[in-house]
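Each chain is listed here by its residues.
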Amino acid sequence: PYKIVFYLAFFLTVFLAGVGVIRPILIGQAIDVYVIGNDAEGLLYLTLIIVGILFIEAAAQFYQTYYSNWLGQSVTIDIRSKLFNHITSFNLKYFDKTAIGTLVTRCISDIETIAQIFSQGLLTIMGELLKLIVVIAVMFAINWKLTLLSLIPIPLLIVALVVFKNAIKKAFQEVRTQVARLNAFVQEHIVGMAIVQVFNREEKEKEKFVAINRQHRKAHINSVWAYSIFFPVVEILSAISLAFLVWWGVGGALRGEVTPGDLVTFILFIYMLFRPIRQLADRFNVLQMGMVGSERVFKVLDTEAHIEDAGTLNSGITGDIEFKNVWFAYSDEEWVLKDISFKVKEGETVAFVGATGAGKSSVINLINRFYEFQKGDILINGTSIRDYDINYLRDKIAVVLQDVFLFSDSIRNNISLYNDEISME
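Conventions we followed
Residues numbered from 1 in each chain as written. Predicted model: local features only at pLDDT ≥ 70, side-chain atom pairs only at ≥ 80, totals over all residues. Heavy atoms only, no water. Helix = DSSP H or I, 4+ residues; strand = E, 2+ residues; numbered from the N terminus. Rg over C-alpha atoms; globule rule 2.2 N^0.38 Å. Buried < 20%, exposed > 50% of the residue type's maximum accessible area, 1.4 Å probe, protein only. Contact = heavy atoms within 4.5 Å. Lys, Arg positive; Asp, Glu negative; His and termini not counted. Charge placed at Lys NZ, Arg CZ, Asp CG, Glu CD. Phe/Tyr/Trp six-rings, centres within 6.5 Å; stacked < 30°, edge-to-face > 60°. Lys NZ or Arg CZ within 6 Å of the ring centre and 35° of its normal. Axes fitted to C-alpha atoms, helices over the stretch in contact; angles between N-to-C directions. Parallel < 35°, antiparallel > 145°, perpendicular 65-115°, else oblique. Nonpolar A, V, L, I, M, F, W, Y, C, P; charged D, E, K, R; others polar. Salt bridge = Lys/Arg side-chain N within 4 Å of Asp/Glu carboxyl O. Pairing = 2+ DSSP bridges. Core = buried A, V, L, I, M, F, W, Y, C linked by side-chain atoms within 4.5 Å. Patch = residues over 30% accessible without salt bridge, like charges linked within 9 Å, V, L, I, M, F, W, Y side chains within 5 Å. Areas by Shrake-Rupley, 256 points an atom, 1.4 Å probe, with all protein chains shown as cover. Polar contact = N/O pair within 3.5 Å; in protein donor to acceptor, adjacent residues only side chain to side chain.

Caption draft 1: Region of the structure containing the overall build of the chain. Of the regular secondary structure elements, the chain holds 14 helices and four strands. Whereas a compact globule of 425 residues would reach a radius of gyration of roughly 22 Å, the chain reaches 33 Å, over 25% beyond that. In the chain, which comprises 425 residues, the share counted as buried stands at 38%. In the chain, once contacts between residues fewer than 6 apart in sequence are set aside, the share between residues at least 24 apart is 78%. The average position of the 38 basic charges and that of the 42 acidic charges among the side chains of the chain differ by 7 Å.

Caption draft 2: Quick look at the packing of aromatic side chains. Considering all chains together, one arrives at 17 aromatic pairs under this definition. Aromatic pair Phe-90 and Phe-95: ring centres 6.3 Å apart, planes at 50°, arrangement tilted. Between Tyr-94 and Phe-95 the ring centres are 5.7 Å apart and the planes differ by 90°, which places this aromatic pair in the edge-to-face class. A connected cluster of aromatic rings, assembled from ring pairs, spans Phe-62, Tyr-63, Tyr-66 and Tyr-67. When the ring centre of Trp-327 is taken as origin, the NZ or CZ atom of Lys-375, which lies over that ring, is 4.7 Å away. Between Arg-386 and the ring centre of Phe-373, over which it is positioned, the NZ or CZ distance is 3.9 Å.

Caption draft 3: The packing of helix 2 (residues 22-35) against helix 3 (residues 40-88), seen in detail. Packing of helix 2 against helix 3 brings their axes to within 10 Å, and their N-to-C directions diverge by 175°. In terms of their interaxial angle, helix 2 and helix 3 are classed as roughly antiparallel. Contacts from Ile-22, Arg-23, Leu-26, Ile-27, Gln-29, Ala-30, Tyr-34 and Val-35 in helix 2 reach Gly-42, Leu-43, Leu-46, Ile-49, Ile-50, Ile-53, Leu-54 and Glu-57 in helix 3. In terms of residue class, the contact of helix 2 with helix 3 is built from twelve nonpolar, two polar and two charged.

Caption draft 4: Quick peek at the environment of Asn-166. The topology assignment puts Asn-166 in helix 8 (residues 154-191). Note: C-alpha distance between Asn-166 and Tyr-94 (72 residues apart in sequence) is 34 Å.

Caption draft 5: How the structure looks around the pattern of salt bridges. In the structure shown here, the tally under the stated rule is seven salt bridges. Put simply, Glu-372 and Arg-369 hold a salt bridge, and the shortest N to O gap is 2.8 Å. The buried category is assigned to Arg-369, whose relative accessible area is 1%. One salt bridge connects Arg-386 with Glu-372, and the closest N-O pair in it is separated by 3.7 Å. In this pair, Arg-386 sits in the loop between strand 4 (383-384) and helix 13 (390-395) while Glu-372 sits in the loop between helix 12 (360-367) and strand 3 (375-380), placing the two residues 14 residues apart along the sequence. A relative accessible area of 29% places Arg-386 in the partly exposed class. Since its relative accessible area comes to 24%, Glu-372 is described here as partly exposed. Put simply, Arg-369, Glu-372 and Arg-386 are held in one network by salt bridges that share partners.

Caption draft 6: Representation of the pairing of strand 2 (residues 335-344). Here strand 1 (residues 321-329) pairs with strand 2 via six bridges, running antiparallel. In the strand pairing of strand 2, Glu-322 is matched with Lys-343. Where strand 1 folds back onto strand 2 in an antiparallel hairpin, the turn is made up of five residues, including Asp-332, whose phi is positive at roughly 50°.

Caption draft 7: Spatial organisation of the nonpolar core. Counting 57 residues, the largest nonpolar core has Leu-83 and Phe-274 as its most contacted members. For this core, the secondary-structure elements that each account for two or more residues are helix 3, helix 5 (100-107), helix 6 (109-142), helix 7 (144-150), helix 8, helix 10 (202-255) and helix 11 (260-301). Here this core gets 14 residues from one element, more than from any other, and that element is helix 11. If we ignore the near neighbours within four places in the chain, the residues touching Phe-274 are Ile-154, Leu-157, Val-234, Leu-237, Ser-238 and Ser-241. Core analysis: the next-biggest nonpolar cluster, separate from the first, contains 15 residues, Phe-323, Val-363, Ile-367 and Ile-378 among them.

Caption draft 8: Representation of a nonpolar patch on the surface in the model. Together, Leu-8, Phe-11, Phe-15 and Ile-56 line one region of the surface with nonpolar side chains, adding up to about 370 Å² of accessible area. Broken down by element, the residue count for the nonpolar patch peaks at three residues, all from helix 1 (residues 3-19). Residue position: Leu-8 is located in helix 1.

Caption draft 9: Focus on the side chain of Gln-178. Locating Gln-178 in the fold gives a position in helix 8. Gln-178 sits in the buried class, given a relative accessible area of 3%. Side chain to side chain, Gln-178 and Glu-174 meet in a polar contact 2.7 Å long. For Gln-178, the side chain forms a polar contact with the side chain of Arg-181, separated by 3.3 Å. Aside from chain neighbours lying at most four places away, what touches Gln-178 is Ile-212, Gln-215, His-216 and Ala-219.

Caption draft 10: Expanded view of unusual backbone geometry. Here Asp-339, not a glycine, exhibits a phi torsion of approximately 55°, which is positive. Checked against the element boundaries, Asp-339 lands in strand 2. A positive phi angle, near 65°, is found at Tyr-418, a position not held by glycine. When its relative accessible area of 55% is taken as the criterion, Tyr-418 is described as exposed.

Caption draft 11: Layout of the environment of Ile-108. Secondary-structure assignment places Ile-108 in the loop between helix 5 and helix 6. Note: C-alpha distance between Ile-108 and Gly-42 (66 residues apart in sequence) is 57 Å.

This is the structure we're talking about:
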């Protein structure tokens, strides 16, 4: 749905890659033609052109940044909405086995990393690669000998980049894992704070939190360690490239093989060459983080943990409720209900009494189809509950839960949960 904005941002990326090399060329020309030629008027004219190009480049940079970030946030809102809707359709068995804090991480911080793929990763990497290609092509066109000298450290830089990329991918995978663990722990312990305090376990839980927090810090430090090695390597190789250029270029200028303007142009090109390479490493990290985050998000999106809804009936919820030889287990064949049969007549009030874990709540959960029974059948007015549309079925059943949960909202909205059919009266 955002193809036009994507293509516009891509066009601006390509434009910036091309326009970036113009200024160094004009500066070199200014030195060779107007400074050495002592032409003040020509120098002023060329300077104004350079300033004009600078303003055009700044405007293009603004719109490229704006559109790429807008694109990232638009994709984010779509994926996050889709993910949340997908999660709300999961059966309760899924939530029994999945830490809520982990799902919070998937919905919030993991999706933020996907937004960065568009705003700081994909388009920026394309732009930096294009800039590298254009700069190297122009350098060869001006002076191939100077270019080859300038590129001597590049093979070492590529090796360093590959090693860095592999190290940072592993570090970022660990970072995302520890973020999910931290979120899950905090969410569970804040929700269950009453239990923690009843058992007087504050200190013990604090110790567990400190341990998880240390692992979180360690994961981040591992990624910082990779950065702290790679960036100095880039700076050293950049300095070596500049040294080769100055060593041979000054001699070439004295022999008349190289103009002073070409030498200055190449010095500017070296900065343009190594800056994108350094930024590429940073952008690859953003891309890696986004890939790790998206892998986890799409794993949830690809999860099929739904109650099968093949029912089509959306009327007739009235009459008797009957359990016929129902067997149910939350996992494998650890049966909670074994061959249960009973009939509740229309208008009758029935109480289920039993010890904790006897299956009282399970009976209610099965009628609502929050869980799927394995054997037998449940009938309403002689019709299997699987023949009813699941949303219609649940809409016609009222349940007062034993565990009170309040959303951060008004009393009315907590009672009705925004159901328009429930009036204020």
